[in-house]
Every structure is written in structure tokens, then in C-alpha cells.
Amino acid sequence: QVQLVESGGGLVQPGGSLRLSCAASGSIFSINAMGWYRQAPGKQRELVAAITSGGSTNYADSVKGRFTISRDNAKNTVYLRMNSLKPEDTAVYYCNVRAFVVGERGLYDYWGQGTQVTVSS
């Protein structure tokens, strides 16, 4: 019904920057919230940042001031700009979209396939 395609992960040195993108497509009626989560080896998945349809944002304390989430509603795309990256930011990053789907009632959660971000010298 809804497909998410992520891009932008990779290997970067400490202090470097990356931008992740996630494009949603399919039987979307409207998108409510969009966000990014991450999961490091041996740890639980955690919220990194989220943005509502109205543009309100929420960040994990560990990334405040370094990461910026944004969205392009016309393209059903969410971005995560990551600056001043640290080794502890290393994880698989997952895009999440909460949307109303054509022909269905209620909000549904969809997940991207994940993109690896490695911060290492």
C-alpha cells in the first residue's frame, strides 16, 4: 500500500555531515507525522526526530542542535540533516511515516528498509 525508499546513509568521519531522505509513495490519502528512528547494535530502536504535518518538530536530547528534520509535503518526502556527527550516532536509521491510506480507516505506520550510518575515523 505504502512504500518508503530511503537514501543518504554511508561512512563519515567524526564531525562530518550527512543528509538522509525518505520518499513515500503508494495509496496515500494524507500523511500525518514523519520521523526518523535509529537502532545501534545491541540497543533498542529509538526516536531521533519527528515532524508533524503542521511542521512541529521533536528531537532526541542527544541530537538537539546537531540534527534537523524537514519535510516536503508535495513530494511526500522527509529529510534528516545530520551535522557534527559523533561515533555514537552510528546506527541503522529507519524512516517512519504515519498516514491515512486510501480505502482504509485510521492511521497506519510504515517503515523504511533502513540505511546504515557509520561515523568513524
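Scope of this entry: the structure provided in the associated data block.

Rules of the game
Residues numbered from 1 in each chain as written. Predicted model: local features only at pLDDT ≥ 70, side-chain atom pairs only at ≥ 80, totals over all residues. Heavy atoms only, no water. Core = buried A, V, L, I, M, F, W, Y, C linked by side-chain atoms within 4.5 Å. Buried < 20%, exposed > 50% of the residue type's maximum accessible area, 1.4 Å probe, protein only. Helix = DSSP H or I, 4+ residues; strand = E, 2+ residues; numbered from the N terminus. Contact = heavy atoms within 4.5 Å. Pairing = 2+ DSSP bridges. Axes fitted to C-alpha atoms, helices over the stretch in contact; angles between N-to-C directions. Patch = residues over 30% accessible without salt bridge, like charges linked within 9 Å, V, L, I, M, F, W, Y side chains within 5 Å. Areas by Shrake-Rupley, 256 points an atom, 1.4 Å probe, with all protein chains shown as cover. Salt bridge = Lys/Arg side-chain N within 4 Å of Asp/Glu carboxyl O.

## Focus: the nonpolar core
Counting residues in each nonpolar core, the largest one holds 33 residues, and the members touching the most others are Trp36, Leu80, Met82 and Tyr93. Contributions of two or more residues to this core are made by β1 (2–7), β3 (18–26), β4 (28–39), β5 (46–51), β7 (67–72), β8 (77–82), β9 (91–101) and β11 (115–119). With near-sequence residues (within four places) excluded, Tyr93 lies in contact with Glu6, Leu20, Trp36, Tyr37, Arg38, Val48, Phe67, Leu80, Met82, Gly114, Thr115 and Val117.

## Looking at the sheet that holds β1
The strand order across the open sheet formed by four strands is β1-β3-β8-β7, and the pairing between neighbours is antiparallel. The open sheet has two free edges, formed respectively by β1 and β7, since each of these has just one partner strand. Neighbour-to-neighbour, the strand axes of this sheet turn through a mean angle of 15°, independent of strand direction. As defined by bridge partners, β1 adjoins β3 across six bridges and the pair is classed as antiparallel. Across the sheet, the residue bridging to Val2 is Gly26, located in β3.

## Section: a nonpolar patch on the surface
A cluster of nonpolar side chains, Phe29, Phe100, Val102 and Leu107, forms an exposed patch at the surface whose accessible area comes to about 400 Å². Mapped onto the fold, Val102 is located in the loop between β9 and β10 (107–111).

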